Amino acid sequence: MLVSPMPGPGGVPEHLETVCAEIDQPPPSVTRPAVMPIVASAPFVVDSLETLDDLYEGRAEGFVYSRGGNPNQVVLERLVARLEGAEAGLAAASGMGAIAAALMTGLKAGDRIVASDSLYGPTATLLLGPLAALGVRAVFADLSDSASAERALAEPASIVVVETISNPLLRLVDLPALARLAHAVGAMLVVDNTFATPYHCRPIEFGADVVVHSATKYLGGHSDVTNGVLVGTEEFVSQARATMSAFGAPASPFDCWLTVRGIKTLALRMERSSANAAAVAAYLTGAGQQIVGVYYPGLPSAPQAALACRLLRNGFGAMVSFELAGGEAAASTFVRALRRIRLVPSLGDVSTTLSHPSKTSHRGLGEATREATGIRPGLLRLSVGIEHLDDLIADLELGLAAV
Ligand SMILES: Cc1ncc(COP(=O)(O)O)c(C=O)c1O
């Protein structure tokens, strides 16, 4: 049953149902918000059919539908592109979304992809599962070793994929040398810069073509957002945007807004976290025989210390991995003994967290592959936060005393 009309603006009659259902409008204001608002609108109002043509043909700037582009996505994309020294960026629903978009854009059936054998587990799974099913052949190699990189790139490939600082063994690759090898066989170099962030490394300066991020980690910085970004040339990013729109996994406006807010303190957080991490790595190195290996590129004794000084600036990152002699039992005892540092299968938060790669990020690889790549059951991965160093060391002492 319809409700009878009521007087509307200017006395013109209108009905309650209509007012309830109407598209709302922002109130007039001679000021504007000091921070970018969250634009939660899925579609956008277009003033004419001609404007629609202009938008689709690139003659006018603006938004039509948030799966293909939204103001909060664009603010994040431009910010990360600027931080990475890239022409353009694309926000995704997660880091894996950004990696998948980058790889799906650069690969077709029959292509060969050369991947580092020290990669975030699900990236390897993407290559071995869905991309293999589409006819892409993945070759894994130790790309931190120049002879093995040369062997892997002796024949043509479409993409080479590595992490600036690898998960979880924090291995580096000689990016300029790898970019030369990749380009010589016609491959694009895709670098996952999640662990380093542009605060420590800008891979494009070293020859990378595409840089991807799990913005869930340091860019967001507070473990409250799942988000990803890829950056590269205008041409590549516009192809990736079409791929992403077709697969339907863009980033939500709220997540992009949170990541942009996180990035405001990126430099401050990284400065403190990486200084803490360097001190924690030094502490663990001399802490006792319970520890059989400490992985941190900034340690003077690290096998890749010289390369780390060439590639990384402002410190060496906030991730530290270490292996306990007593394997899984020791790792379990260590985790239980901690009072502050939580077991959290992620990284990049302001608080220090701990992860057990063989039970989480690298679980899907299987025991044989994990053993072969040095991800043993005694390995723990610390994401060092911004707390006071003394409190962190005191907590690690509790853990070590227990094993
Ligand atoms: C190096 C690296 N790349 C990518 C990802 C995937 O990111 P997300 O969880 O946002 O999909 C992760 C997640 O831990 C990661 O560590």
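Residues numbered from 1 in each chain as written. Predicted model: local features only at pLDDT ≥ 70, side-chain atom pairs only at ≥ 80, totals over all residues. Heavy atoms only, no water.

(A) Summary view of the overall build of the protein. The helix and strand inventory of the protein stands at 15 helices and 14 strands. Overall size of the protein, expressed as C-alpha extent along the three principal axes, is 85 × 50 × 40 Å. When the 403 residues of the protein are sorted by exposure, 48% land in the buried category. Long-range contacts, defined as pairs at least 24 residues apart, comprise 72% of the intrachain contacts of the protein with a sequence gap of at least 6. Approximately 18,900 Å² of the protein is accessible, and the part contributed by carbon and sulfur atoms is 58%. Across the protein, 29 positive and 39 negative side-chain charges occur, with their mean positions spaced 7 Å apart. (Helix = DSSP H or I, 4+ residues; strand = E, 2+ residues; numbered from the N terminus. Buried < 20%, exposed > 50% of the residue type's maximum accessible area, 1.4 Å probe, protein only. Contact = heavy atoms within 4.5 Å. Areas by Shrake-Rupley, 256 points an atom, 1.4 Å probe, with all protein chains shown as cover. Lys, Arg positive; Asp, Glu negative; His and termini not counted. Charge placed at Lys NZ, Arg CZ, Asp CG, Glu CD.)

(B) Expanded view of the sheet that holds strand β9 (residues 228-232). Within the open sheet, the seven strands sit side by side as β3-β9-β8-β7-β6-β4-β5. Their pairing is mixed. On the outer flanks of this sheet lie β3 (88-92) and β5 (137-141), each paired with one strand and no other. Across this sheet, the average inter-strand angle for adjacent strands is 20 degrees, counted without regard to direction. Where strand β6 (residues 159-163) meets strand β7 (residues 188-192), five bridges bridge the pair, whose relative direction is parallel. Bridge pairing links I159 to M188 in β7. Across the sheet, helix α4 (residues 95-106) touches β3, β4 (112-116), β6, β7, β8 (210-214) and β9, and the angle it forms with β8 is around 155 degrees. (Pairing = 2+ DSSP bridges. Axes fitted to C-alpha atoms, helices over the stretch in contact; angles between N-to-C directions.)

(C) Quick look at the site of the ligand. Near the ligand lie 15 residues; those nearest to it are G95, M96, D192, S214 and T216. A distance of 2.8 Å separates an oxygen atom of the ligand from a polar atom in the backbone of G95. Residue contributions to the shell around the ligand peak at three residues, all from α4. Partitioning the shell around the ligand into residue classes produces five nonpolar, seven polar and three charged. (Near = heavy atom within 4 Å. Polar contact = N/O pair within 3.5 Å; in protein donor to acceptor, adjacent residues only side chain to side chain. Nonpolar A, V, L, I, M, F, W, Y, C, P; charged D, E, K, R; others polar.)

(D) Main features of the side chain of K217. You can see K217 is positioned in the loop between β8 and β9. Apart from residues lying up to four places away in sequence, K217 is in contact with T194, S346, L347 and G348.

(E) Region of interest: the sheet that holds strand β14 (residues 379-383). Spatially, β10-β11-β14-β13-β12 is the arrangement adopted by the five strands of the open sheet, whose pairing is mixed. One side of each edge strand has no neighbouring strand; the edge strands of this open sheet are β10 (291-295) and β12 (342-343). Here β10 pairs with strand β11 (residues 319-324) via four bridges, running antiparallel. Counted as the bridge partner of I291 is L324 from β11. Along the sheet face, helix α13 (residues 327-337) touches β11, β12, β13 (353-355) and β14 and points at about 125 degrees away from the line of β11.

(F) Broad picture of the side chain of N193. Relative to the helices and strands, N193 resides in the loop between β7 and α8 (197-200). A polar side-chain atom of N193 sits 2.9 Å from a polar atom in the side chain of E84. Residues within four places of N193 in sequence aside, it is in contact with E84, T164, P198, C201, P203, V211, V212 and H213.

(G) Local environment of the packing of α13 against helix α15 (residues 389-402). Viewed as axis vectors pointing N to C, α13 and α15 meet at an angle of 140 degrees, and their least axial separation amounts to 8 Å. Looking at the two axes, α13 sits oblique to α15. Our pair here, α13 against α15, has a crossing hand that is right-handed. Contacts from T333, F334 and A337 in α13 reach L396, L398, G399, L400 and A402 in α15. Of the residues belonging to the contact of α13 with α15, the class tally is six nonpolar, two polar and no charged. (Parallel < 35°, antiparallel > 145°, perpendicular 65-115°, else oblique. Left-handed = near helix turned anticlockwise from the far one by under 90°.)

(H) Fine view of the packing of aromatic side chains. All told, the structure shown has three aromatic pairs when counted by the stated rule. Taking the centre distance of 6.2 Å and the plane angle of 20 degrees together, the rings of F254 and W257 count as stacked. Taken as a pair, F254 and W257 lie in helix α10 (residues 253-263) at a separation of three residues, close to a single helical turn. W257 gets classed as partly exposed once you look at its relative accessible area, which sits at 22%. (Phe/Tyr/Trp six-rings, centres within 6.5 Å; stacked < 30°, edge-to-face > 60°.)

(I) Spotlight on helix α9 (residues 234-247). Its 14 residues give α9 an end-to-end C-alpha distance of 20 Å, which sits within 8% of 20 Å, the value for a rise of 1.5 Å per residue. All of the buried residues along α9 are F236, V237, A240, T243, M244 and S245. Buried positions along α9 lie against β3, α4, β7, β8 and β9. Residue G248 follows α9 closely and has a positive phi angle near 75 degrees. (Expected span 1.5 Å × (residues − 1).)

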